[in-house]
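# Residue-level structural notes
Residue strings, one per chain:
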Amino acid sequence: MKKPFVTREQIEKINETYKTPFHLYDEKGIRENARKLKAAFAWNKGFKEYFAVKATPNPFILNILKEEGCGCDCSSYTELMLSQAVGITGNNIMFSSNDTPKEDFIKARELGAIINLDDITHIDFLEEACGIPEKICLRYNPGGVFKVSTSIMDNPGDAKYGLTREQMSEAFRILMDKGVKEFGIHSFLASNTVTNEYYPMLAAILFRLAAEIKAETGANITFINLSGGVGIPYTPDKEPNDIGVIGEGVRKAFEEIMVPAGLENVSIFTELGRFMLGPYGCLVTKAIHEKHTHKEYIGVDACAVNLMRPAMYGAYHHITVLGKENEPADHVYDVVGSLCENNDKFAIDRKLPKVDIGDYLVIHDTGAHGYSMGYNYNGRLKSAELLLKEDGSVQLIRRAETPKDYFATFDFCDILKDMDC
Ligand SMILES: *Cc1c(COP(=O)(O)O)cnc(C)c1O
């Protein structure tokens, strides 16, 4: 059973000040989870989590994570700006981008970020843009399919990211010639893995690669970046990952492969997004219509603009009707938003208790890749983001968009100047 981290009474109170829909984040959950991650990797002296900013690009959230010892994993100019704004700079930024524009590399270099190169051709591109730093990371793509026991987790051979095995060796040699003194290796082989085996398996692949490359080139490898991909159970039938077990699995591989290779001082880095924030955010929306046609519909005041994953991937997000947690789920609904797009459905054929107009629905696990994927189709505006603090109070951490925000990009001309907004 999935339980929301708020009650109907709390939401009714919040709704007096902040109107639905809104994203709500749970500070207590975020901090506790960040501490569990840190404890799981405490065996590694240099361990650091670089939070994947794209998952939840909010400075208030980044500040909480900063207090818990995290850095930022950025992939764009504006994500670098956000990181800078909260005082996360230098080697506390991992710049893991791809198809990177020149100005992004320049900004990353200015901030002293660790640059993670996605391609061998980016060596020359970076050198021309802003020079090669003394410390650099390379992103590896082994190709093929990535399996855990017999099931295929993901398909790296189809992924646009990273260098091949041969290119890795060549890139190390070129970069050593160009004066690089410290190296890291990164790879992201599977997304949203709900198994404790993913990180240990990935780590073993990267550890072996590091040992091989060290033997081949004598390069000074100082960190392994396991990237993101540790998932969360979106459906109530799945067991969550145990980060303690994951940390132990990585430690075992480290002792088997890294220690004998003389790589015992290497730091482990992660770039988790979903695992850090996913379960600690929800989208709160209100039922505003019911419609009985060929199917039973509940229309809510949020839409795919606020949460795109169901429309984009058919992703499951669990829904709780607040105040009806203990009522039988004896109705079947499509829960829909207002976009003129038939895929704007938060749930299809979902068993729920009877929903009445005015009921609050909590859409679970929207803390990562939720608000941040939003867009403005149909001129729909993005919602506010609120933080449920540890003391139970609520803080606005991003206001809702207004029509003025939507029209802001016409501010170079007069056409909308008389509009009252
Ligand atoms: C998206 C991304 C992440 C975070 O992925 P999660 O699935 O949210 O953990 C980390 N690193 C890179 C390079 C990414 O693109």
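So, how was this worked out
Residues numbered from 1 in each chain as written. Predicted model: local features only at pLDDT ≥ 70, side-chain atom pairs only at ≥ 80, totals over all residues. Heavy atoms only, no water. Near = heavy atom within 4 Å. Polar contact = N/O pair within 3.5 Å; in protein donor to acceptor, adjacent residues only side chain to side chain. Areas by Shrake-Rupley, 256 points an atom, 1.4 Å probe, with all protein chains shown as cover. 1 Å grid on protein atoms, 1.4 Å probe; cavity = no way out; pocket = protein on both sides within 12 Å on 5 of 7 lines; lining within 4 Å. Sits in = over half its atoms within 2 Å of the grid points. Pairing = 2+ DSSP bridges. Helix = DSSP H or I, 4+ residues; strand = E, 2+ residues; numbered from the N terminus. Domains from an automatic or database assignment. Contact = heavy atoms within 4.5 Å. Buried area = accessible area lost by both parts, 1.4 Å probe. Salt bridge = Lys/Arg side-chain N within 4 Å of Asp/Glu carboxyl O. Points joined across faces, edges and corners; volume = space filled by probe spheres on them. Nonpolar A, V, L, I, M, F, W, Y, C, P; charged D, E, K, R; others polar. Buried < 20%, exposed > 50% of the residue type's maximum accessible area, 1.4 Å probe, protein only. Arc of directions from axis to C-beta. Right-handed = clockwise from strand over helix to strand, strands pointing away.

Let us look at the site of the ligand. Of all residues adjacent to the ligand, which total 14 residues, the nearest are Lys54, Gly229, Glu271, Arg274 and His369. The contact in question runs from an oxygen atom of the ligand to an N or O atom on the backbone of Gly229, over 3.0 Å. In isolation the ligand has 390 Å² of accessible area, and contact with the protein removes 90% of it. Structurally, the ligand is housed in the largest pocket.

Along a regular strand, successive side chains alternate from one face of the sheet to the other. The pairing of strand E18 (residues 384–388) with strand E19 (residues 394–398) spans four bridges and is antiparallel. Paired with Glu385 across the bridge in E19 is Arg398. The hairpin formed by E18 and E19 contains five residues between the paired strands, and Gly392 there has a positive phi angle of roughly 90°.

Our focus in this paragraph is unusual backbone geometry. Going from Thr20 to Pro21, the amide bond is cis rather than trans, its omega being -5°. Of note, the phi angle at Asp349 is positive, near 50°, even though the residue is not glycine. Structurally, Asp349 is set in strand E16 (residues 345–352). The phi dihedral of Asn378 is positive, around 60°, even though this residue is not glycine. One can find Asn378 in the loop between strand E17 (360–363) and E18.

Looking now at the domain arrangement of the protein chain. How big an interface is tends to be reported as the loss of accessible area on association of its parts. The domain architecture assigned to the protein chain consists of domain 1 (27–278) and domain 2 (280–410). Just the C-alpha atoms count here: the centres of domain 1 and domain 2 sit 32 Å apart. At the junction of the two partners, domain 1 supplies 25 residues and domain 2 supplies 21 residues. Taken together, the two surfaces of domain 1 and domain 2 that pack against each other cover about 1,900 Å², and 56% of this comes from carbon and sulfur. Linking domain 1 to domain 2 there are one salt bridge. Of the charged contacts in the structure, one is a salt bridge between Glu390 and Arg31, with a shortest N-O distance of 3.6 Å. In this structure, the connection of domain 1 to domain 2 is made through 13 residue pairs in polar contact (both at pLDDT 80 or more). Secondary-structure elements contributing two or more residues to the side of domain 1 that touches domain 2 are helix H2 (27–40), helix H3 (59–67) and helix H10 (274–277).

Take the layout of surface pockets next. Considering only enclosed or pocket space, the largest pocket measures out at about 990 Å³ in volume. In terms of lining, the largest pocket is formed by 42 residues, of which the most central are Lys54, Arg139, Tyr161, Phe188 and Ser191. Put simply, the parts of the chain that give the lining of the largest pocket at least two residues each are strand E3 (71–74), H10 and helix H11 (309–313). Residue composition of the lining of the largest pocket, by class: 17 nonpolar, 16 polar and nine charged. Two domains share the lining of the largest pocket, each providing at least three of its residues, namely domain 1 (27–278) and domain 2 (280–410). As a volume, the second largest pocket reaches approximately 580 Å³. Along the walls of the second largest pocket sit 28 residues, with Lys2, Pro233, Pro240, Pro279 and Tyr280 positioned nearest its centre. Elements supplying a minimum of two residues to the lining of the second largest pocket: H2 and strand E12 (281–292).

The next point concerns helix H5 (residues 102–110). Buried within H5 we find Asp104, Phe105, Lys107 and Ala108. The arc enclosing the buried residues of H5, seen along the axis, measures out at 160°, which places them on a common side. Looking at the packing, one finds that the buried side of H5 touches helix H4 (77–85), strand E4 (93–96), strand E5 (114–117) and helix H6 (122–130). Gly112, located one to two residues past H5, shows a positive phi value of around 75°.

In this fold, Asp154 is placed in strand E8 (residues 151–154). If sequence neighbours within four positions are ignored, Asp154 has contacts with Val145, Phe146, Leu189, Ala190 and Ser191.

Attention now goes to the pairing of strand E2 (residues 48–52). Most of E2 sits out of view: five of its five residues are buried. Across the two faces of E2 the burial is the same, with Lys48, Tyr50 and Ala52 and Glu49 and Phe51 all buried. Relative to strand E11 (residues 267–270), E2 runs parallel, the two sharing two bridges. Looking at E11, one finds that Glu49 is bridged to Thr270. The pairing of E2 with E3 spans three bridges and is classified as parallel. Note that in E3 the partner of Tyr50 across the bridge is Gly71. Since E2 and E3 lie parallel, the crossover through H3 that links them has a hand, and here it is right-handed.

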